[in-house]
Amino acid sequence: MKFVHAADIHLDSPLQGLERYEGAPVDELRGATRRALENLVQLSIGEKVEFVLIAGDVYDGDWKDYNTGLFFARQMARLREAGIKVYLIRGNHDAASQITRELTLPDNVRVFPSRKPETENLPDIGVAIHGQSYSTQAVTNDLSAGYPLATEGLFNIGMLHTAAGGREGHANYAPCTLDGLLSKGYHYWALGHVHEREVLHEDPWIVFPGNLQGRHARELGSKGCSLVTVVDGRVHLVEHRELDVVRWCGSTVNAEGAADIAELLERSRRVLLTELDRAENRLLAVRLVVHGACQAHKALEMHEEQFVSECRALANDIGGGHLWVEKVRLQTRAAVNLDEIAQRADPLGELVRFIRGLPSDGATLGSLLSEFKDLKQKLPLEVRHGNDAINLEDPALIRALLGDVEQILVARLLEQGGAK
Amino acid sequence: MKFLKLHFLAYGCFTDVRLDFSEPGSGFHVIYGPNEAGKSTALRALTGLLYGIPAQTPDAFLHAMKDLRVAAELVRSDGQHGTFVRRKGNRDTLLNSEDKPVPDNLILEFLCGVTQQMFATIFRLDHNALRSGGDDLLAGKGDVAESLFQAGTGITGLRQALGAIDIEAEQFFKPRSSTAVINRAIDSYEDARKRSRDLAVAPRQWTEQSAALNEKVADLERRKARHLELSVQKERLERCRLALPHITRRKELMQALDALGPVKLLPESATRDREEAQRNQRDANRRKEEAEAKLAKLNTDLEQLRLPQELLAHADAISSVRERLDSYRQAARDLPTVRAEQNQFEADARTILSEVKPGLSLGEAETLRLTVVQRTRLRTLANEHHTLRERLRGASERAQSAQVQWKEKNRMLEQTTAPRDTGELERVLERAIKLGDLEGILNRETSELRLAQKQSAAELKRLPIWTGTLEQLETLPVPAVETVDQFETEFDRLSNEQKLLSSRREDDYQQQAKVEEGIRTLQLGGVVPTEQDLRRARERREQGWRLVRHAWLEDAADPEQEKAFDGDRPLADAYEKSVTGADSIADRLRREADRVAKLAELLADKEGRERRAAELESTQLALTMALEACQAQWREKWQGSNIVPLSPKEMRGWLSRHAALLAQAKDLQARRQSIAQLNDRIREHCAELCRALSTLAEPAKNEMESFAAQIQRGQAVLRDSKNAALKRANLENDVLRSARDHEKAEGEHEKAQKELDAWQNHWQQALAPLGLEAETQAEEVIAVLEELDTLFAKIEDAESRRLRVGKMEQHLALFDSDVHALAQSLEPDLRQLPADQAADRLQSLLVKAQQDDVRRQTLEKQVEQQRKSQDDAGRDSEQARRQLDDLMSRASSTELPALEEAEQKSAGLRQFKAQLDEVNRTLAGFTAGDTLDSFLTDTAALKADQLPFDIVELENEIRTLDELRSQLNQEIGVQRVQLNAIDGSDKAMIAAEEAQSALAIVRTGTERYMRLRLASEVLRRQIERYREQNQDPVIKRAGELFPRLTLDSFARIKTSFDEKDRPVLLGVRPSGEEVAVDGMSDGTRDQLFLALRLASLERQFSSGEPLPFIVDDVLIKFDDDRAMATLKILAEFCSKTQVLFFTHHARLIDLAQTAVPTAQLKIHRLRAH
């Protein structure tokens, strides 16, 4: 017997951070979460699984488009045609979603109630599935404590949307302990909520399958579901199956000693080729971090946009529509020793010392922040809050930028003088 | 840092050019190179030396890239020396004085963090920089902050740099721009977000719409049912109305059938069958008559036809003759030509024969014919002759040359020397090389040792309390750390106790003060009586009473005593007073019991505290003594090392530094040992190598030669020896090879001679059949052979013509005889004609006879056909008659007219029945599935007049329903379209993705904008800060220099504020007139900048390590007086740093000699080599 365990589909949640540029594979990337769900359905049908488990977060909490629900229902209907049942628990996002309340799902989908845990016995294939949905967005008690003990003689599966002992970047909902889960005597715990794939325990198995599709540069690497094979009432195999349409990856380009932009582009090309090779024909969203001290720093600093465009053109060239350069982060340094310059008595030395003294100078930081009040008024709320927020009232932001400022000024002033 | 020496070993136009700056006291160096002498090259070489020669250099025209070399000796202000050589290359370009690569940071130590660009801007001044500085002053309108910053760094174009950053930042963001990157992206973001919101369908909206639609659909279904019901009713009534005329017609038909009576029913086709049979009978009779007439005519034609049977019998023979006729005529034409050709060939053959062998007849010519073998052999031999001759000549030449070669190699071999045995040297070298770069390691270790020694010496110097050498330190008896710990614990304990004690004493003291304060307070409220007071009062009363008793009862007054008791009063009063006093005290004691008790308590407390204070005092004393004893012990522990110890804690720190120093001493010892070992090994291997070299008769060792050089030399000797041995072996091989070559060439020569002899023999034999002389040349024989070939060809051609003539004559005779025989038997008249004409005539007769025969056969076939037509017509007539008989028997009639009447009746019956069926069928169409009978019964019950009105009423009702339905359908359609538009589409999501994409641009742009904006702001602020910190001293000093540079055209510099309140520079004339920078001449502005620049540099040179100040032809636009003034100021710089003044104006040398004190000045002249 086989079944599929998936979670955190976050259907129609848009991919973040992808600037569009000339030649970017926009069409290929469109609706990635939908394509990933289609892949899940295709895999389930192809592998002839008995049932599919979805451990919460089908939708994205604030997304209100009913079309999304219809699409999901349609995919579930495809599973019904193939005679595959779906067992679903609602996660924190589903509890917050309006779609959940209004949508009727096909009759092959069994949604576990939120009032108390229930058990679905499938005696013909020897399986018992236990599960409980979220009734509200924030569930802070240990739901697993209320789950019944394993049903004797059946293969027992527990479905739970939980942060387990707490995971970075995820709200600590329905906290539970490994021992608590193991004490139920189940054969397999199908968990959801944490987007990174993780096997907490083997035999009995406790598994976070991760989300189906990475949606931003913090959700890196292969994404998909777990395909579980059960032989003689025991887990025989738990395989990770890749379903993602777009894969996120972060690569570093070592600029150490690079003489000019052409050389850096060549190094970037090699890095991109390596990543392409690894992606196995999948669309790739790459963040390039260029770092190191080099002669090319000056040119790079003054022509940053041009370099980024050239990197992207390069990606178009070698990627054949499979490569999206999400961001090029420049962390190069001038090939001069700033520490030594900082010790000098001339104005340049004083400039470096001034910059280095700024982080502890609250008053000046405050006055520098006030330079950005026009920008602050204009910036959308979404930029100033949430993940990767640019908080224009936070002196720490200026502090973080001062290292770059030092590099910009030294490069430009020396360039100016060196031109003589 | 200063340059002591510069040495252009090989650079640009220089070869081995030396500049010496080391003369004591000299600080101002004029380096003079006229045009083309390489002043700029020297400047480049100087930078190249310090920072490396750039990959692309224009200075490799005389010396190759790899050979470029510059050397220098440098010294730092702390006295550290360094000699470096810079070569052109990719790595290891810096070498020390021994040409060994050294790391770049050795030279960077002399540069103190000054990068190449800084060196070029800060420490160098040239005419262009001066001009740009002056221009920048004008552009900035004398802005003090900018001018100072620029003068301090030598950076020009600061204003443009700042402007560029601002412009770049504005490309990202500007509050009211619509094109800046961030502004544009925000617009796109808002737009996409709005679209996404508009495209999204709220889930509740869908549910509600869906419910409304379902309600409408149900309503529509109900109305449809009613519509159906009414339609059925209406349709039934309409059917009945339409059926009514047909019901009437049915009744009429039934009546007509009854009127027809009994009828014999004939087949429907009866009349048609009869008429057809009658027609067939007539037609058959006509055809029979026609056939008979045609037969009679054909028979007549046949009888008239006559055929020549004999001619036809010989048809084949005639045709055969006719076919041969063409070839007969051809042969007759060709015969004379062939005869002529035969004669021609015979004549040619005879002519050729007479040339080859005169006197021989054609018949005898056969004796000259050679077999193929003989002919081929002759040709082969003729061909071989030339080859053999050539081969012999070649072999003889090669034999001679091989001999010469062999002799030459032999001579060379004799001249080379025998090889030496280098086995030992090779082994020694291999061992030495295996050890690696021992001297390099030794150098490194030695320099590391030196560094470590220096470090430990510094460490040692920093070690407090004690002075001495490291060795003394090693033997210094110091207590163990454990002892220090023990003392520290003891000291801590004692000091803690002391602290505790003094805090307790402090407490007590405070309490005591409090108690005393309490007593004082109590006493302030009036004296408090005590028991003691009472006792004293009572005792006085008793004493009084005793005196009273004595005086009163015993009458023994004692005036002395009484006076003593109270001298002022008589006894009675005094006693009374004492009684009152005692009573009053007793009363107060009772009345003021609280205060009394309080005072008693306070007094008791005070007493107790005073006692405890005394105890603490003694404890304190004991502690102090213990502490002193402990300190004495502590000092004693350190006595051996002659150290007066600090506190144990400090001494523990001291001990750890001491231990570190000991470890360093140990490390130093280990290093020294390692170096000694290295030295031993180098010496040992050196000796070994010397021995090996001397056995090879090589010089053993040069005094100055290093181990590595010795190894290199050893390797060179080894390489040379091996090369020589290899060369000799090669030569020996060559000698052997040329001997072999010589021998081989001789053999070949001999073989070629033999082959030529054999050929001569064969040639003689081959010529015999032709009867030719043995000396006949090959070419002549070939000519004879070719002539013979032609001769035999001619003879053969003549023979073939002769045979052909014979055959042709035979053919002509045979044809004549055949034609003659045929004519004889068929047409004797034709015998008179020539054979070919007779054959033509016979042929035309035959053709005529064959045409007649064909016509006969056609006629006979036509007769046959007509006979068959006659028979068919008879049969058809008979069949038609039988059909008529059959029809009549069926109608039971014997005559044709009776048959026709029966046919009419039968047709009538059939027609009525058909009409009735038709009516029934029509009616069945109205019954709508009901039986006809029940329909007729139902219809009979309806009132025919009422029907139309009922129908109209129903129609109205249905029309109303129709309108309602159509309206409902429309509404449902609209709602369906709306709902269907909600089809799971991803449009809203795509718009959301677009919004995210725009947001990403906003983020990236914001980060970049903030960096740029911050950079520009920080730089502005720093420029302003720099002004605040340096304005006064720099402008003051520049104000002193400026009058000198302008030859007192200006008196000083001052700062003022412009209309925007910015501090700006002004020049002040001796008259007090103030001149803004835009009012100054170009030259004056340059001098103002120079004054600022020099003032800034002076300030910088006073702190930190100064670098040489490079002045590159800055005075070219100055007149002599101003140049002189400038030179004087530059000369003053010598006290701060070295000044290298590059120029290509000889005039400036003269000026410098006047302006600069001779001791300081040194002139260097560059000469290109």
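Residues numbered from 1 in each chain as written. Chains lettered and ligands numbered in written order. Predicted model: local features only at pLDDT ≥ 70, side-chain atom pairs only at ≥ 80, totals over all residues. Heavy atoms only, no water.

## Here we look at the overall build of chain B
- A tally of regular secondary structure across chain B gives 31 helices and 13 strands.
- Taken over 1169 residues, chain B has a buried fraction of 38%.
- Within chain B, residue pairs in contact and separated by at least 24 positions form 75% of the contacts whose partners lie at least 6 positions apart.
- When the accessible area of chain B is evaluated, it comes to approximately 67100 Å², of which 50% is carbon and sulfur surface. (Helix = DSSP H or I, 4+ residues; strand = E, 2+ residues; numbered from the N terminus. Buried < 20%, exposed > 50% of the residue type's maximum accessible area, 1.4 Å probe, protein only. Contact = heavy atoms within 4.5 Å. Areas by Shrake-Rupley, 256 points an atom, 1.4 Å probe, with all protein chains shown as cover.)

## Things to note about the overall build of chain A
- Summing up its helical and strand segments, chain A has 15 helices and 15 strands in all.
- Relative to its 420 residues, chain A shows a buried fraction of 57%.
- For chain A, the share of sequence-separated contacts (at least 6 apart) that also reach a separation of at least 24 residues comes to 70%.
- With the model as given, the accessible surface of chain A reaches about 16700 Å², and the carbon-plus-sulfur share is 46%.

## With respect to a nonpolar patch on the surface
Residues and elements named next belong to chain B.
- Nonpolar side chains collect at one region of the surface, where Trp545, Trp552 and Leu553 lie side by side and expose about 360 Å² of accessible area between them.
- Locating Trp545 in the fold gives a position in helix H17 (residues 531–552).
- The partly exposed category is assigned to Trp545, whose relative accessible area is 30%. (Patch = residues over 30% accessible without salt bridge, like charges linked within 9 Å, V, L, I, M, F, W, Y side chains within 5 Å. Salt bridge = Lys/Arg side-chain N within 4 Å of Asp/Glu carboxyl O.)

## Brief notes about helix H6 (residues 158–172) of chain B
All names here are of chain B.
- With 15 residues, H6 extends 22 Å from end C-alpha to end C-alpha; this agrees with the ideal 21 Å at 1.5 Å per step.
- When we look at burial in H6, the residues that qualify are Leu158, Ala161, Leu162, Ile165, Glu168, Ala169 and Phe172. Axial view of H6: buried residues confined to an arc of 125°, hence all on one face. (Expected span 1.5 Å × (residues − 1). Arc of directions from axis to C-beta.)

## Some words on the sheet that holds strand E5 (residues 81–87) of chain B
Residues and elements named next belong to chain B.
- In space, the five strands of this open sheet follow the order E2-E1-E4-E5-E6, with antiparallel pairing throughout. With one partner strand each, in any of the chains shown, strand E2 (14–20) and strand E6 (94–95) form the two edges of the open sheet.
- Judged from the two bridges that link them, E5 and E6 form a sheet pairing that is antiparallel. Residue Val85 lies in a different strand from E6, and its bridge partner there is Leu95.
- Contacts from helix H1 (residues 39–51) reach strand E1 (2–11), E2, strand E4 (69–75) and E5, with the element oriented near 105° to E1. (Pairing = 2+ DSSP bridges. Axes fitted to C-alpha atoms, helices over the stretch in contact; angles between N-to-C directions.)

## Focus on the pattern of salt bridges
Residue and element names in this part refer to chain A.
- With the rule as written, the count across this model stands at 134 salt bridges over all chains.
- Glu263 serves as the salt-bridge partner of Arg267, at 2.9 Å between the closest nitrogen and oxygen. Residue Arg267 and its partner Glu263 are located together in helix H7 (residues 261–279), separated by four residues, close to a single helical turn.
- Arg267 sits in the buried class, given a relative accessible area of 17%.
- Across the salt bridge formed by Glu406 and Arg356, the nearest N and O atoms sit 2.9 Å from each other.

## Side note on the sheet that holds strand E11 (residues 1109–1112) of chain B
Residue and element names in this part refer to chain B.
- In spatial order, the strands read E7-E11-E12-E3-E13; together these five strands make up an open sheet with parallel pairing. The two strands at the open ends of the sheet, each matched to only one other strand, are strand E7 (124–126) and strand E13 (1161–1165). Pairs of neighbouring strands in the sheet enclose a mean axial angle of 15°, with direction left out of account.
- For strand E3 (residues 28–32) and E13, the ladder comprises five bridges, and the chain directions are parallel. The residue bridging Ile31 from the neighbouring strand is His1164, located in E13.
- Contacts from H1 reach E7, E11 and strand E12 (1139–1143), with the element oriented near 145° to E12.
- Sitting on the sheet, helix H4 (residues 127–139) touches E7 and E11, and the angle it makes with E7 is about 80°.

## A closer look at the interface of chain A and chain B
- Taken together, the contacts link 76 residues of chain A with 78 residues of chain B.
- Surface buried jointly by chain A and chain B totals about 7000 Å² across both partners, of which 64% is contributed by carbon and sulfur atoms.
- For the pair chain A and chain B, the number of links is twelve salt bridges.
- Notably, a salt bridge pairs B:Arg1011 with A:Glu304, separated by 3.3 Å at the nearest N-O pair.
- Between the two partners, chain A and chain B, sit 23 residue pairs in polar contact (both at pLDDT 80 or more). (Buried area = accessible area lost by both parts, 1.4 Å probe. Polar contact = N/O pair within 3.5 Å; in protein donor to acceptor, adjacent residues only side chain to side chain.)

## Focus on unusual backbone geometry
- The linkage connecting A:Asp203 with the following residue, A:Pro204, adopts the cis geometry, with an omega of -5°.
- By the element assignment, A:Pro204 lies in the loop between strand E9 (198–201) and strand E10 (205–208).

## Here we look at the packing of helix H12 (residues 362–369) of chain A against helix H28 (residues 987–1045) of chain B
- Direction vectors running N to C along H12(A) and H28(B) enclose 130°, while the axes themselves pass 11 Å from each other. Between H12(A) and H28(B), the angle falls in the class oblique. For the pair H12(A) and H28(B), the sense of crossing is right-handed. The residues of H28(B) that touch H12(A), namely those facing A:Thr364, A:Ser367 and A:Leu368, are B:Leu1014, B:Glu1017, B:Val1018 and B:Arg1021.
- Here the residues of the contact of H12(A) with H28(B) are counted per class, giving three nonpolar, two polar and two charged. (Parallel < 35°, antiparallel > 145°, perpendicular 65-115°, else oblique. Left-handed = near helix turned anticlockwise from the far one by under 90°. Nonpolar A, V, L, I, M, F, W, Y, C, P; charged D, E, K, R; others polar.)

## Concerning the pairing of strand E8 (residues 188–192) of chain A
Residues and elements named next belong to chain A.
- Most of E8 is tucked away, with five of its five residues classed as buried.
- Alignment of strand E7 (residues 155–161) against E8, held across five bridges, turns out to be parallel. The residue bridging Leu160 from the neighbouring strand is Leu191, located in E8.

## Re the packing of H28(B) against helix H30 (residues 1120–1132) of chain B
All names here are of chain B.
- For the pair H28 and H30, interaxial distance at closest approach is 9 Å and the crossing angle is 145°. Residues Arg1037, Leu1041, Arg1044 and Leu1045 of H28 touch H30, and the partners they reach there are Arg1122, Ala1125, Thr1126, Lys1128, Ile1129 and Glu1132.
- In terms of residue class, the contact of H28 with H30 is built from four nonpolar, one polar and five charged.

## Brief notes about the environment of A:Ala315
Residues and elements named next belong to chain A.
- One can find Ala315 in helix H9 (residues 304–319).
- For the pair Ala315 and Leu272, spaced 43 residues apart in the sequence, the C-alpha separation amounts to 7.3 Å.
- Apart from residues lying up to four places away in sequence, Ala315 is in contact with Leu272, Gly320, Leu323 and Val325.

## Quick notes on the environment of B:Ala687
All names here are of chain B.
- Checked against the element boundaries, Ala687 lands in helix H21 (residues 648–695).
- For Ala687, a relative accessible area of 34% puts it in the partly exposed group.
- Taking the C-alpha atoms as reference, Ala687 lies 10.0 Å from Phe707; in sequence the two are 20 residues apart.

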